Amino acid sequence: MDMMQKLTQFVPKGVNGMEPSEFEGKEEVLSRIKQLFKKKGFRQVQTPIFEYYDLFNEIKGTIDKDQMIKLIDTDGKILVLRPDATIPIARMVAETKETKDGKAVQKYSYVTSIFRMNNDPQNIQSREFTQAGIEWFGSDGVQADAEIITLAILSLIEAGVDAFTVDIGKANFYKKLIEQIELAEHEIQFIQRVIENKNFLELEYYVQELMIPAPYKEALAAIPTLYGEPEKVFARANQVAVNDEMKMEIEHLEKVVRELEAAGFGNFLTVDLGLINHLNYYSGIVFHGYIAGYGQPVLLGGRYDGLTKQFGYDTKAIGFAIYADHLITALKAQEGGTRSWNI
């Protein structure tokens, strides 16, 4: 074994150091994004790196408990390294209810490390990664949703991305369907997983075996196919909607898309009603940002109106997070590995 191999044995799997030029490039991109957030009125905050396990265990719709990196405090309580940025900030908002001139200070931003386990051995960012994001509390309606998605688009432009798309969906379109179907929890989890993976054939076969009315079968089987150009998706979604609530979700999404198109961002948009985020606290609009030629989303966001209520403070909220490490990797690939970071 040579010295280099021996030294790498001292670095835990799933974490990485950064050489000066690589680190400076990352900081340059993050600096641009932070300045944009500040310009738009979002104030930067920092939450603790250690959190009690119970915080995430008791909140509905949080991340998989097996993904959390746990350790024991001196008093015997279980701690976790920060596995999510939104939940601690929501707790902070509920605790402080900070006011200025009689109005709640509602716009927050962050750039922070997130820690999660990942069973994918090919994912080199499997335990520690950087997120840059915003959270807007007290916001509601079409205008607010369109404004946040606009900021997400501007963030990718400011970072120097040349070609990208933002897929927009509605979490409640699927949820308002599944609520009316009597299914076991394992059946719901399986359906959600195959929808996320867009496994059309497996979903159709599974749904046909369920003892549920035909319209529900058609709607479930159609969800992962409701992807693409907005007009076509909206038309098909209204055809398969089995209740007025699902139709209202489509109506809202259509209004948001119209706002973004009117602002000149239509070329960046794709509608995807099979977009079901693994963080189930999302309740309304959801969106993912993809860079051309890079298979994983570099940006995830959505509305989570019920989250702060679990901390005793009922307010609307929406936000997004940029996965900075994925963003940097995608930027380098987009430039053929020759991008200059000293722009």
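About the thresholds
- Residues numbered from 1 in each chain as written.
- Predicted model: local features only at pLDDT ≥ 70, side-chain atom pairs only at ≥ 80, totals over all residues.
- Heavy atoms only, no water.
- UniProt positions renumbered as here; feature names shortened; annotations may be inferred.
- Pairing = 2+ DSSP bridges.
- Helix = DSSP H or I, 4+ residues; strand = E, 2+ residues; numbered from the N terminus.
- Axes fitted to C-alpha atoms, helices over the stretch in contact; angles between N-to-C directions.
- Core = buried A, V, L, I, M, F, W, Y, C linked by side-chain atoms within 4.5 Å.
- Buried < 20%, exposed > 50% of the residue type's maximum accessible area, 1.4 Å probe, protein only.
- Contact = heavy atoms within 4.5 Å.
- Salt bridge = Lys/Arg side-chain N within 4 Å of Asp/Glu carboxyl O.
- Polar contact = N/O pair within 3.5 Å; in protein donor to acceptor, adjacent residues only side chain to side chain.
- Parallel < 35°, antiparallel > 145°, perpendicular 65-115°, else oblique.
- Nonpolar A, V, L, I, M, F, W, Y, C, P; charged D, E, K, R; others polar.
- Phe/Tyr/Trp six-rings, centres within 6.5 Å; stacked < 30°, edge-to-face > 60°.
- Lys NZ or Arg CZ within 6 Å of the ring centre and 35° of its normal.

Identification of the protein as ATP phosphoribosyltransferase regulatory subunit from Caldifermentibacillus hisashii is taken from an unreviewed UniProt entry. As stated in UniProt under Sequence similarities (unreviewed entry), the record for the protein gives "Belongs to the class-II aminoacyl-tRNA synthetase family. HisZ subfamily." Taken directly from UniProt, the Pathway (unreviewed entry) text for the protein runs: "Amino-acid biosynthesis; L-histidine biosynthesis; L-histidine from 5-phospho-alpha-D-ribose 1-diphosphate: step 1/9."

Undergrad: Account for the sheet that holds strand 4 (residues 78-81), naming residues and giving values.
TA: Taking strand neighbours across the sheet as the criterion, the three strands line up as 2-4-3 in an open arrangement whose pairing is antiparallel. Each edge of the sheet is formed by a strand with only one pairing partner; in this case those strands are strand 2 (50-52) and strand 3 (70-72). Averaged over all pairs of adjacent strands, the angle between their axes in this sheet comes to 40°, without regard to strand direction.

Undergrad: I'd love a proper account of the nonpolar core, names of residues and values included.
TA: Counting residues in each nonpolar core, the largest one holds 75 residues, and the members touching the most others are F173, F320 and L327. If one sorts the elements of this core by residue count, helix 5 (residues 141-158) sits on top with nine residues. In contact with F173, not counting residues within four places along its chain, are I223, L226, A237, V240, A241, M246, E249, I250 and L273. A90, F137, L275 and Y323 belong to the second largest nonpolar core, which has 30 residues in total.

Undergrad: Any chance you could break down the sheet that holds strand 9 (residues 164-170) for me, citing the residues and the numbers?
TA: Spatially, nine strands are ordered 1-7-8-14-13-12-9-11-10 in an open sheet, and the strand pairing comes out mixed. Only two strands of the sheet have a single partner each, and these edge strands are strand 1 (43-44) and strand 10 (227-228). Pairing analysis gives seven bridges linking strand 9 to strand 12 (residues 285-291), with the strands arranged antiparallel. Looking at strand 12, one finds that I168 is bridged to F287. Packing of helix 6 (residues 171-178) onto the sheet brings it into contact with strand 9 and strand 12, and relative to strand 9 it is tilted by some 30°.

Undergrad: With reference to specific residues and values, describe the pattern of salt bridges.
TA: Note that side chains of opposite charge can pair when their charged atoms are close. Overall, the coordinates contain 16 salt bridges when judged by the stated rule. With its nearest N and O atoms 2.8 Å apart, the salt bridge here joins D305 to R303. As far as the burial class goes, D305 and R303 line up, both buried. Connected through shared salt-bridge partners, E231, E254, R258 and E261 make up one network.

Undergrad: Go over the side chain of R116, please, and point to the residues and values.
TA: With respect to the helices, strands and loops of the structure, R116 is situated in the loop between strand 7 (107-115) and strand 8 (128-137). The class for R116 is buried, based on a relative accessible area of 6%. A polar atom in the side chain of R116 sits 2.6 Å from the backbone oxygen of P83.

Undergrad: Provide a residue-level description of the packing of helix 6 against helix 11 (residues 244-262), including the pertinent values.
TA: Packing of helix 6 against helix 11 leaves a shortest axis separation of 9 Å and a crossing angle of 175°. The orientation of helix 6 relative to helix 11 falls into the category roughly antiparallel. In this structure, helix 6 contributes N172, F173, K176 and L177 to the contact, and helix 11 contributes E245, M246, E249 and I250. Here the residues of the contact of helix 6 with helix 11 sort into four nonpolar, one polar and three charged.

Undergrad: Just give me the short version of unusual backbone geometry, but keep the residues and values in it.
TA: Here K198, not a glycine, exhibits a phi torsion of approximately 50°, which is positive. The topology assignment puts K198 in the loop between helix 7 (185-196) and helix 8 (200-208).

Undergrad: Hey, could you go over the packing of aromatic side chains for me, with residue numbers and the actual values?
TA: Enumeration according to the criterion identifies nine aromatic pairs in this entry. Between F129 and Y323, the aromatic rings sit 5.4 Å apart at their centres with planes inclined by 20°, giving stacked as the arrangement. Taken together, the residues F129 in strand 8 and Y323 in strand 14 (residues 317-323) connect sequence positions 194 residues apart. Of the two residues, F129 and Y323, neither departs from the other in class, the shared state being buried. Ring pairs connect the aromatic residues Y108, F137, Y282 and Y304, which therefore count as one cluster. The ring of Y52 is capped by K77, whose NZ or CZ atom sits 5.2 Å from the centre of that ring. If you follow K107 out to its NZ or CZ, it ends over the ring of W136, 4.8 Å from the centre.

Undergrad: So what's going on with the environment of R236? Residues and values would help.
TA: Its place among the elements puts R236 in helix 10 (residues 230-240). For R236, a relative accessible area of 31% puts it in the partly exposed group. Spatially, the C-alpha atom of R236 lies 8.8 Å from that of A222, the residues being 14 residues apart in sequence. If we skip the residues at most four places from it in the chain, R236 touches E218, A222 and L226.

Undergrad: Break down the side chain of K107 for me, citing the residues and quoting the values.
TA: Counting through the fold element by element, K107 comes out in strand 7. One polar contact links the side chain of K107 to the main-chain carbonyl oxygen of K40, over a distance of 3.4 Å. Not counting residues up to four positions away in its chain, the partners in contact with K107 are K40, G41, F42, R43, E135, W136 and E147.

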